[in-house]
Protein chains: 2
Amino acid sequence: MAIPSQSPILGVLGGGQLGRMLIQSAINYNQDIHILDPDPNAPCKDLSQRFTVGSLKDFDTVYAFGHGCDVITVEIESVNTEALEKLQREGKKVYPQPDILSLIKDKRKQKQFYQLNGIPTADFILTSDKAEVIHHADFLPAVNKLGKEGYDGRGVQVLRSEADLDKAFDAPGLLEKLIDFDKEIAVTVARNEAGDLIAYPAVECAFHPTANLVEFLFAPAEISKEVAEKAEEIAKDVILKLGMVGILAVEMFVTKDGEVLVNEVAPRPHNSGHHTIEANYTSQFEQHLRSVMNWPLGNPDLRCPAAMINLLGENGFTGPVLVEGQEEALAEQGVYIHLYGKKITKPFRKMGHVTVVSDTVAGLKEKAQRIKELIKIKSIS
Amino acid sequence: MAIPSQSPILGVLGGGQLGRMLIQSAINYNQDIHILDPDPNAPCKDLSQRFTVGSLKDFDTVYAFGHGCDVITVEIESVNTEALEKLQREGKKVYPQPDILSLIKDKRKQKQFYQLNGIPTADFILTSDKAEVIHHADFLPAVNKLGKEGYDGRGVQVLRSEADLDKAFDAPGLLEKLIDFDKEIAVTVARNEAGDLIAYPAVECAFHPTANLVEFLFAPAEISKEVAEKAEEIAKDVILKLGMVGILAVEMFVTKDGEVLVNEVAPRPHNSGHHTIEANYTSQFEQHLRSVMNWPLGNPDLRCPAAMINLLGENGFTGPVLVEGQEEALAEQGVYIHLYGKKITKPFRKMGHVTVVSDTVAGLKEKAQRIKELIKIKSIS
């Protein structure tokens, strides 16, 4: 007997770890999820009501996939936004909205948006090729970013002096003043169709020295009340000025003068919010679900201090996954392991994360460091 | 390219809500789960690496299913234990052990086990048919239980006086002295192969006046330190004397004199532990996984006071599910809805549960009552 599903189907472009953790939340609400991903072994395989293998960048594939859904969202920005625009015109709900995705996935447009809307951000110059970067040697030290396709540390590099100019990107990008910041923080905000708006408490990010990936995250950020309020205000301002529905992670620099500058945003669940699964009343994944489905938003408050450690593939190992130290880590108190189900590890690939919760901030950094040294993602071959 | 799975496959007999919440935990560890369930639309459908439709009571079906797994567990007691015994003899790990399942699923054997092992429990008489119950009229008021196949209120009835004798079960069962208890509590314990043993703090159960199902649960139980310690000791004693590996929910009566008597046990995740998902450091589902996989056990402590409300199908409604009041409940703080994905509701069917967490015990009961009145499981037809 076929029983019609009463609830709308949520389609997700991308079936990686973010989709996987979204599914874990969606199960609680009987929310059917359809996934599109080019990898037949993507982390969401076996866990959704429909798993379609196909390109996220191909118009016809994305359009056909979206046609079978009622609400469409993304877990990665590099998707075919033209197909999403057509779906939106035809009455599908697409959150984040396709025009906002287009804006955000082009870092040049993103920076111009901040400038136009009075959102504090580092000074920058748009550059169309390597020659133009070289022409602006007086702007160094600067961060040279590719306009499109940058992801997880790719497409971003620091040019400290003229000696570095030779490696400048020879494609449309930008030069951004290198900020001598005190801290990097992130505030996640979420907004639903009804206009409800919430902000998570600011978290502090510690980056891997070479891989340009978040290595540790601490919640709450050790910042003054003034800086925390300023950061929250700015993050809310960004999502409101974008007019976006969904969840938005706003990464910011806190300068040594206490100034807060927007670095980049991600219009989806983000690495800087993974700790919310155990450490906050409402996880970022449930919040994303609530916002795109236009349900009332949940309480973003922290339940307790937490640290998050990214489990990156160890350098020197490529192949089928071997997790070292899992048992030892499980024997620790307040340690939550999340493995992403990726079949193959590569150097610095995001293979999982660990959240450590504690009643107090004291000792949290040391414990996070200890857990990080315990769990290693290697290869069995 | 086929990549061999490095981790053992966990087979679960039963694909209902308990299997579903186990899967939500198992995802975090890349733990592959195979499910066997007779219902092609069972709650675990679409969420496991393999979902086999078949009888849990048929020897060949259970044996063939178990053959493809490394570790086998259950989410329901009514399974073919002969097949599990054969699998165990052939080297598969089966937890809880088949002989313990056989003992527990026969309430007559369960009571005899308590008696033989000095575990405090209400006095009882074994009865083989209705005539024998009538013969023991002087034992009333008593609870008349069927030996086998009782579940969720079926197979259990109170015989208060001789006038009730006509409804006595005409099959092997027992008569148990009706306990004039002060409270019903439950302590969940877990034990792994290595012998690690943990106990969750006692919870208090409030039963539905007519359906004989848990309606509300409160954690922690409002009992004295002495009673709490006695209850924990008894629960640990039961799992140790059984020699069981896995998770065991021990339901107990607290008498008006502060005596603690074991009522029944369940060798699997249980309704009395649902709040642990949000309210304890380690959920009962993760704990079950850890225990049957012989991983180190997790911290069972409460993070904060909590209440759990069963969402039962409303009386008078049978058919495709309609959830009323979900949005209003989502607008409340600290409210966690879990729907089980069952396609059809029936009166008093367990369709989901809600956990309410709070910083303090005060107000928790009122809030639980309010949420219960808000969310109603009805039918669309």
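Small disclaimer: the values here were computed from a predicted structure and weren't measured. (Residues numbered from 1 in each chain as written. Chains lettered and ligands numbered in written order. Predicted model: local features only at pLDDT ≥ 70, side-chain atom pairs only at ≥ 80, totals over all residues. Heavy atoms only, no water.)

Another point: the overall build of chain A. Within chain A, the regular secondary structure consists of 11 helices and 21 strands. Along the longest, intermediate and shortest principal axes, the C-alpha atoms of chain A span 70 × 50 × 45 Å. Relative to all contacts within chain A whose residues are 6 or more apart in sequence, the contacts with residues 24 or more apart total 63%. For chain A, the computed accessible surface area is about 14600 Å², with 49% contributed by carbon and sulfur atoms. In chain A, 41 side chains carry a positive charge and 53 a negative one; their mean positions are 3 Å apart. (Helix = DSSP H or I, 4+ residues; strand = E, 2+ residues; numbered from the N terminus. Contact = heavy atoms within 4.5 Å. Areas by Shrake-Rupley, 256 points an atom, 1.4 Å probe, with all protein chains shown as cover. Lys, Arg positive; Asp, Glu negative; His and termini not counted. Charge placed at Lys NZ, Arg CZ, Asp CG, Glu CD.)

Taken as a whole and judged by the stated rule, the model has 38 salt bridges over all chains. Between B:D237 and B:K241 there is a salt bridge, with its nearest N and O atoms 3.1 Å apart. Note that B:D237 and B:K241 are positioned in helix α7 (residues 225-242) at a spacing of four residues, about one turn of the helix. Put simply, A:K107, A:K111, A:K145, A:E176 and A:E264 are held in one network by salt bridges that share partners. (Salt bridge = Lys/Arg side-chain N within 4 Å of Asp/Glu carboxyl O.)

So, about the relation of the copies chain A and chain B. With an axial shift of 0.0 Å and an RMSD of 0.0 Å, the rotation relating chain A to chain B amounts to 180°. Within this description, the copies of the chain are treated as partners about a two-fold rotation axis. Closest to the rotation axis within chain A is the C-alpha of A:L47, separated from it by 2.1 Å. When the interface residues of chain A are mapped onto chain B, 100% of them again lie at the interface, so the same face is used by both copies. (Least-squares fit on C-alpha atoms with pLDDT ≥ 70 in both.)

Residue and element names in this part refer to chain B. Enumeration over the complete set of coordinates arrives at 10 aromatic pairs over all chains. With centroids separated by 5.0 Å and ring planes inclined at 55°, the aromatic side chains of Y29 and W295 adopt a geometry described as tilted. Separated by 266 residues along the polypeptide, Y29 in the loop between α1 (17-26) and β2 (33-37) and W295 in the loop between α9 (284-292) and β16 (306-312) bring together distant segments of the chain. With respect to burial, Y29 and W295 carry one shared label: buried. Seen from their ring centres, F181 and F253 are 4.9 Å apart, and the 15° between their planes marks the pair as stacked. In this pair, F181 sits in strand β10 (residues 181-191) while F253 sits in strand β14 (residues 246-255), placing the two residues 72 residues apart along the sequence. (Phe/Tyr/Trp six-rings, centres within 6.5 Å; stacked < 30°, edge-to-face > 60°. Buried < 20%, exposed > 50% of the residue type's maximum accessible area, 1.4 Å probe, protein only.)

Next up on the list: the sheet that holds strand β5 (residues 93-94) of chain B. All names here are of chain B. Spatial ordering of the open sheet is given by β3-β2-β1-β4-β5, a layout of five strands whose pairing is parallel. Edge strands, defined here as strands with exactly one partner in the open sheet, are β3 (50-53) and β5. Summarising the sheet, strand β1 (residues 10-13) and strand β4 (residues 71-74) pair through four bridges and their orientation is parallel. Within β4, the position partnered with L13 by the bridge is V74. Lying over the sheet, α9 contacts β1 and β4, oriented at roughly 140° with respect to β4. (Pairing = 2+ DSSP bridges. Axes fitted to C-alpha atoms, helices over the stretch in contact; angles between N-to-C directions.)

It is worth spelling out the environment of A:S25 at this point. All names here are of chain A. Structurally, S25 is set in helix α1 (residues 17-26). Since its relative accessible area comes to 10%, S25 is described here as buried. For the pair S25 and P269, spaced 244 residues apart in sequence, the C-alpha to C-alpha distance is 12 Å. Excluding residues within four positions of it along the chain, S25 makes contact with S283, F285, E286 and L289.

What follows deals with the interface of chain A and chain B. In this complex, chain A contributes 45 residues to the contact, which on the side of chain B involves 45 residues. When chain A packs against chain B, close to 4200 Å² is buried across both sides, 47% of that on carbon and sulfur atoms. Together, A:I27, A:R303 and A:L330 form the three largest contributors to the area buried by chain A at its contact with chain B, with a combined 15%. Inspection of the region where chain A meets chain B yields zero salt bridges. At the boundary of chain A with chain B, the tally comes to 23 residue pairs in polar contact (both at pLDDT 80 or more). Listed by contribution, the elements that provide at least two residues to the side of chain A that touches chain B are α1, α8 (276-279), α9 (284-292), β17 (319-324), α10 (326-330) and β18 (335-339) of chain A. It is β18(A) that contributes the most residues to the side of chain A that touches chain B, five residues altogether. (Buried area = accessible area lost by both parts, 1.4 Å probe. Polar contact = N/O pair within 3.5 Å; in protein donor to acceptor, adjacent residues only side chain to side chain.)

A few words on the sheet that holds strand β9 (residues 173-177) of chain B. Residues and elements named next belong to chain B. Taking strand neighbours across the sheet as the criterion, the four strands line up as β6-β9-β7-β8 in an open arrangement whose pairing is antiparallel. Lying at the two open borders of the sheet, with one neighbouring strand each, are β6 (124-127) and β8 (156-159). Within this sheet the neighbouring strands show an average axis-to-axis angle of 25°, counted without direction. The strands that helix α5 (residues 107-116) touches are β6, β7 (142-146), β8 and β9; relative to β6, the one it contacts most, it runs at about 145°.

Attention shifts here to the UniProt feature "binding site: ATP" (unreviewed entry) in chain A. All names here are of chain A. Per the UniProt record, "binding site: ATP" (unreviewed entry) is annotated on K107, K145, E176, K177, L178, I179, E184, N263 and E264. For E176, the location among the structural elements is in strand β9 (residues 173-177). Aside from chain neighbours lying at most four places away, what touches E176 is K111, A122, D123, F124, F139, A142, V143, K145, F253 and N263. A polar contact of 3.5 Å, which involves the side chain of E176, links it to the side chain of K145. Position of N263 among the secondary structure elements: in strand β15 (residues 260-266). When its relative accessible area of 11% is taken as the criterion, N263 is described as buried. At 3.0 Å, the side chain of N263 forms a polar contact with the side chain of K145. (UniProt positions renumbered as here; feature names shortened; annotations may be inferred.)

This part is about the side chain of A:S358. Residues and elements named next belong to chain A. Mapped onto the elements of the fold, S358 is located in the loop between β20 (350-357) and α11 (364-374). Here T360 takes part through its backbone oxygen, which lies 2.8 Å from a polar atom of the side chain of S358. Not counting residues up to four positions away in its chain, the partners in contact with S358 are C304, P305 and L364.

Turning next to helix α3 (residues 81-89) of chain A. Since one α-helical turn is 3.6 residues long, residues separated by three or four positions face the same way. Residues and elements named next belong to chain A. Those residues of α3 that fall on the buried side of the exposure criterion are T81, A83, L84 and L87. One face of α3 carries all of its buried residues, which in axial projection span an arc of 155°. Those residues of α3 that are buried are in contact with β1 (10-13), α2 (59-67), β4 (71-74), β5 (93-94) and α4 (98-105). Put simply, N80 is the residue that caps the front of α3, since its side-chain oxygen is 3.1 Å from the backbone nitrogen of E82. G91 sits one or two positions beyond α3 and adopts a positive phi of about 105°. (Arc of directions from axis to C-beta.)

The extent of an interface is frequently quoted as the accessible surface area lost upon association of the parts. What the domain assignment reports for chain A is domain 1 (10-94), domain 2 (123-177) and domain 3 (181-379). Each of domain 2 of chain A and domain 3 of chain A has a C-alpha centre, and these two points are 27 Å apart. (Domains from an automatic or database assignment.)

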